[in-house]
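# Observations on the model geometry
Listed below are the residues making up each chain.
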Amino acid sequence: GENVEQHPSTLSVQEGDSAVIKCTYSDSASNYFPWYKQELGKRPQLIIDIRSNVGEKKDQRIAVTLNKTAKHFSLHITETQPEDSAVYFCAAADTGNQFYFGTGTSLTVIP
Amino acid sequence: SAVISQKPSRDICQRGTSLTIQCQVDSQVTMMFWYRQQPGQSLTLIATANQGSEATYESGFVIDKFPISRPNLTFSTLTVSNMSPEDSSIYLCSVARTGLTDTQYFGPGTRLTVL
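Rules of the game
- Residues numbered from 1 in each chain as written.
- Chains lettered and ligands numbered in written order.
- Predicted model: local features only at pLDDT ≥ 70, side-chain atom pairs only at ≥ 80, totals over all residues.
- Heavy atoms only, no water.
- 1 Å grid on protein atoms, 1.4 Å probe; cavity = no way out; pocket = protein on both sides within 12 Å on 5 of 7 lines; lining within 4 Å.
- Points joined across faces, edges and corners; volume = space filled by probe spheres on them.
- Helix = DSSP H or I, 4+ residues; strand = E, 2+ residues; numbered from the N terminus.
- Nonpolar A, V, L, I, M, F, W, Y, C, P; charged D, E, K, R; others polar.
- Pairing = 2+ DSSP bridges.
- Axes fitted to C-alpha atoms, helices over the stretch in contact; angles between N-to-C directions.
- Buried < 20%, exposed > 50% of the residue type's maximum accessible area, 1.4 Å probe, protein only.
- Contact = heavy atoms within 4.5 Å.

The next point concerns the layout of surface pockets. Taken as a whole, the largest pocket spans an internal volume of roughly 530 Å³. Around the largest pocket, the lining is made up of 28 residues, and of these Gln38(A), Leu40(A), Gly41(A), Gln37(B) and Ile90(B) lie nearest the centre. No other element matches strand E9 (residues 86-93) of chain A, which puts three residues into the lining of the largest pocket. Taken together, the residues of the lining of the largest pocket break down into eight nonpolar, 15 polar and five charged.

Put into structure tokens, the structure is as follows:
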């Protein structure tokens, strides 16, 4: 089955700096890659996603890039703010719609 | 996105008892899933709740321990049976509108503590 690895497990950045979280996957059949943000005590919330026919997608300060050949995808957050502090999870899914989640990255934005 | 609710939001239970968690969606969805998230950990899929048929369980999860119902396209239940302290966790349902590769939206979760 699919194996998703996520790095780093923790990340601290100064407010205003950029943050990058990377994930790799093993199954070339995976074709959908969502990113979720989970604040303490809250549900995971979708922040951005990308499908395998697209190399990059942006939504304001958030962007995701996908390299199908290398089987890795990354989340980029620019101009970080304290409210970006949370745990971020990547996932990979195939046509069966089964999501395989990464282990999570705890992001802390220092004011 | 769909509005998803779960009941109860939290519970404290005694060892050996069972708890049924409900997941309600405000619109019809094709797929409903149940996940477990242990403190500080990632999300682990327990099973896919199939409407009108038996749930599909992931490796390590069995129907006797986690029976699931899906009577219609907006509702599902997960029962945690014969609980032990190791079952203490957050249980989340998620939904996807279609049966193809589709975004999953999560319910607010049920925080279960077993004493």
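All names here are of chain A. With antiparallel pairing, the five strands of this open sheet are ordered in space as E1-E3-E8-E7-E6. At either margin of the open sheet sits one strand with a lone partner, and together these are strand E1 (4-7) and strand E6 (56-59). In this sheet, adjacent strand axes meet at a mean angle of 15° when their direction is disregarded. Relative to strand E8 (residues 72-77), strand E3 (residues 19-25) runs antiparallel, the two being bridged by six bridges. Counted as the bridge partner of Ile-21 is Leu-75 from E8.

This part covers the environment of Val29(B). Residues and elements named next belong to chain B. Along the chain, the position of Val-29 falls in the loop between strand E3 (19-25) and strand E4 (31-37). The buried category is assigned to Val-29, whose relative accessible area is 1%. Along the primary structure Val-29 and Ala-96 are separated by 67 residues, whereas in three dimensions their C-alpha atoms are 6.1 Å apart. In this view, Val-29 contacts Arg-70, Leu-73, Val-95, Ala-96 and Arg-97; residues no more than four positions away in its chain are not counted.

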